[in-house]
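Take a look at the letters that make up each chain.
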Amino acid sequence: MSIRYKTAFIFLVSGLLPFFIIGTLVFIDFQNTLRNSTLRNLEAVTTLQESRIIDLLTVYSQGATFFAAQAPMVTAAQVYAQHPNDAGKEALARVLSSMQASGSDTSVAPLEGLAITDPSGRVLSTTATFTSQQTLPVRSDRLLTDIFRDHDNVYLLFSAPIMAKGGVLARFYMTVNAQPLLNITANRDGLGETGETFLVKQYDNTKGVFITPLRFDANAAFKRTVLLSDTNRPSAEALLKEDRTFTSNVVSYRGKPVIAVTRYIPEVGLGIVGQMDQIEAFIPVRDLAVQVVVFAALLSLVTIFIGSFMAELFTRPVLHLANVASQLRKGDFSARAKIWTHDEIGQLGQAFNAMASDLAKQDQAKSDIIALISHQLRTPVTAVKGFVSLIMQNKDGRISDDDIKKLHLAFLENEKLNKLITQILEVAHADSGKLAIKPVQTDLVKFVRTAGKEFEPMLQLRHQKLSILKPAGPIQTSIDAEKIRFVLDILLTNASKYSPEHTTVTLSVTRTDDVCRIQVGDEGYGISAEDQAKLFQKFSRIENARSDTSEGVGLGLYMAKKIVTLHGGTITVSSGVNHGSRFTIELPN
């Protein structure tokens, strides 16, 4: 990642991170506030409905107590106690019939059915609602004795003892329509689109049953049940005789996550639930989240724009300095940095310019030294070569054969020195960036064949063979033939030098879609993996069977790689100890 993108990224993070932290905290706080507000609303509605239910059922229960205390009711019960026969039952029936007829005029409620039982709840006399010999529940600890469904209607059952002389002679039961009770829970004011309240009661030891219609299931009363062990249902939790609130991990009868409040009403033995879908409860949170995302996106765009602008201000001089440094590395010591500011970057630019000036002076000094070597050193070497060559002609015959041999050795050493001077000058030009190539279109097949044929006599002196492998047709590419020939001479010379006599040196040229490939292989001593890693370094010499007798100072392969690289190609080696070597030159098509 470039420094420009890094700077823009830093601006983006530093700009958005505080926003996201604050936004997250505000979002969480708003969500908690909204959850608590929903809970308070549900608690208020549920508590209000609980109070209204208790008030309503208290009135009904007091009505049952009032009727049980009426003189005709007590007298009929006493008659039956003295004459528990048909005559006694007729007295009870007359009282119930009279009370049923006058029940619609009372302030309690229209009486749907009446009954008188013995103290244990066995029916002695009843209207059409109950049957004779039926046993009714006895609950003296609650306002509501029972709630049940008969066909399409729901009824409330209330009871009261019929007392005389401090004892219970019988029990009075009355049923009223439960619609006023259902109307209380059907009131959903302030509960939105999904909020509702409903009543449940325990059906047996394992199940509870809904006793009121539900908002999304009008026929739920006494039909829909819930397992008491299903603790992630508010309807089951409402029967645990505890007041609780739920904000997560509970679902409604529809399987929707809800926020719920549950109350158990011990006076009537019922549980009441107030709930609302979490999706609806958190709609403001969702809307806030959308607004936050939109604002964050806009803020990101603004931050990216500002960050990119600031990054451009910071990175433009840095990139300019990097370009100047690249020019200096390539040997263009005339490159200078522009100074836009007088801050630290401006000071860095001034330091670059001072360094470039020093490098230019050093480069000029190096050029002067190279010129001095070229003129002052090569001239006497050439003179020595000429004098030795002249003396070796021995025109007057005064020099012995032994001295001629010594002069010949001196001549050869002079040639080595001249060659070394040439190589040093070439390396100096390459390192200073002054080594240039002049590529022209060349047929590599013809070029390789010519180079091999010209080198073949040198191989014959060492009793070695040359095998040239080439395709039938030409391979055209653009190269500096003189410099590539220099590379081939180095590779062929090394192949011969580091191979035993009576071996074969292979020279081949091929072409693929991407590159032209020249390979030089031998059957020589090979190169270890450790030596291969430093093979193309300056002044690098490898250790093998010819190390003590081979000539050179380790500049040939270094120059070969320089030349191939200038052509946009690569040079690699594949070798193993005592398994020969194969050098591969790949040049772009």
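Quick look at the structure, then. Remember, it's a predicted structure, so these values are computed and weren't measured experimentally. (Residues numbered from 1 in each chain as written. Predicted model: local features only at pLDDT ≥ 70, side-chain atom pairs only at ≥ 80, totals over all residues. Heavy atoms only, no water.)

### Digging into the pattern of salt bridges
Piece 1. Applying the stated criterion to the full structure yields 13 salt bridges.
Piece 2. Aspartate 141 is the partner of arginine 139 in a salt bridge, and the nearest nitrogen-oxygen pair spans 3.3 Å.
Piece 3. Between aspartate 531 and lysine 534 there is a salt bridge, with the nearest N and O atoms lying 3.7 Å from each other.
Piece 4. Through salt bridges with shared partners, one network takes in Glu454, Arg485 and Asp489. (Salt bridge = Lys/Arg side-chain N within 4 Å of Asp/Glu carboxyl O.)

### Digging into unusual backbone geometry
Piece 1. The backbone phi angle of asparagine 249 is positive, close to 65°, even though this residue is not glycine.
Piece 2. Mapped onto the fold, asparagine 249 is located in the loop between β9 (244-246) and β10 (258-265).
Piece 3. On the accessibility criterion, asparagine 249 (71% relative accessible area) is exposed. (Helix = DSSP H or I, 4+ residues; strand = E, 2+ residues; numbered from the N terminus. Buried < 20%, exposed > 50% of the residue type's maximum accessible area, 1.4 Å probe, protein only.)

### Let's talk about the packing of aromatic side chains
For any pair of aromatic rings, the description consists of the separation of the ring centres together with the inter-plane angle of the planes.
Piece 1. Inspection of the entire model under this criterion finds eight aromatic pairs.
Piece 2. Between phenylalanine 198 and tyrosine 253 the ring centres are 6.4 Å apart and the planes differ by 80°, which places this aromatic pair in the edge-to-face class. Separated by 55 residues along the polypeptide, phenylalanine 198 in strand β6 (residues 196-202) and tyrosine 253 in the loop between β9 and β10 bring together distant segments of the chain.
Piece 3. One aromatic cluster is present, formed by Phe66, Phe67 and Phe172 through successive ring pairs. (Phe/Tyr/Trp six-rings, centres within 6.5 Å; stacked < 30°, edge-to-face > 60°.)

### Observations regarding a positive patch on the surface
Piece 1. A cluster of like positive charges, contributed by Lys446, Arg449, Lys453 and Lys470, occupies part of the molecular surface.
Piece 2. As for its placement among the helices and strands, lysine 470 is situated in the loop between β13 (465-469) and β14 (476-479).
Piece 3. Relative accessible area serves as the criterion here: at 39%, lysine 470 is assigned to the partly exposed category. (Patch = residues over 30% accessible without salt bridge, like charges linked within 9 Å, V, L, I, M, F, W, Y side chains within 5 Å. Areas by Shrake-Rupley, 256 points an atom, 1.4 Å probe, with all protein chains shown as cover. Lys, Arg positive; Asp, Glu negative; His and termini not counted. Charge placed at Lys NZ, Arg CZ, Asp CG, Glu CD.)

### Description of the packing of helix α10 (residues 444-461) against helix α11 (residues 481-497)
Piece 1. In the contact formed by α10 and α11, the axes pass within 11 Å of each other and the chain directions differ by 40°. With respect to each other, α10 and α11 are oriented oblique. Judged by the sense of rotation from one axis to the other, the crossing of α10 with α11 is right-handed. Of the residues in α11, those in contact with Phe447, Ala451, Glu454, Phe455 and Leu459 of α10 are Ala481, Ile484, Arg485, Leu488, Asp489, Leu492, Thr493 and Ser496.
Piece 2. Split by residue class, the contact of α10 with α11 holds eight nonpolar, two polar and three charged. (Axes fitted to C-alpha atoms, helices over the stretch in contact; angles between N-to-C directions. Parallel < 35°, antiparallel > 145°, perpendicular 65-115°, else oblique. Left-handed = near helix turned anticlockwise from the far one by under 90°. Contact = heavy atoms within 4.5 Å. Nonpolar A, V, L, I, M, F, W, Y, C, P; charged D, E, K, R; others polar.)

### Concerning the sheet that holds strand β4 (residues 153-164)
Piece 1. Spatially, the five strands line up as an open sheet ordered β2-β1-β5-β4-β3, and their pairing is antiparallel. Every interior strand has two partners, whereas the edge strands, β2 (123-126) and β3 (146-150), have only one. Going from strand to strand, the sheet's axes swing by 30° on average, the running direction of each strand aside.
Piece 2. Relative to β4, β3 runs antiparallel, the two being bridged by five bridges. Bridging across to β4, phenylalanine 148 finds its partner in tyrosine 155. (Pairing = 2+ DSSP bridges.)

### Quick word on the nonpolar core
Piece 1. Residues Leu156, Phe158, Ile162 and Phe172 are the most contacted members of the largest nonpolar core, which totals 44 residues.
Piece 2. Sorting elements by how many residues they give to this core places helix α1 (residues 3-68) first, with eight residues.
Piece 3. In this structure isoleucine 162 touches Ala68, Met73, Val74, Ala77, Ile116, Gly167, Val168, Leu169, Ala170, Arg171 and Phe172, once residues within four positions along its chain are discounted.
Piece 4. Leu444, Leu466, Val509 and Ala560 belong to the second largest nonpolar core, which has 37 residues in total. (Core = buried A, V, L, I, M, F, W, Y, C linked by side-chain atoms within 4.5 Å.)

### Description of the sheet that holds strand β18 (residues 581-588)
Piece 1. Across the sheet, which stays open at both edges, the five strands sit in the order β13-β15-β16-β18-β17 with mixed pairing between neighbours. The open sheet is flanked by β13 and β17 (570-575), the only strands paired with a single partner. Across the sheet, the axes of successive neighbouring strands diverge by a mean angle of 15°, strand direction being ignored.
Piece 2. One ladder, built from seven bridges, connects strand β16 (residues 515-521) with β18; its direction is antiparallel. Bridge pairing in β18 places valine 515 opposite proline 588.
Piece 3. Across the face of the sheet, α10 comes into contact with β13, β15 (504-511) and β16 while running at roughly 175° to β13.
Piece 4. Strands β15, β16, β17 and β18 of the sheet are contacted by α11, whose axis makes an angle of about 30° with β16.

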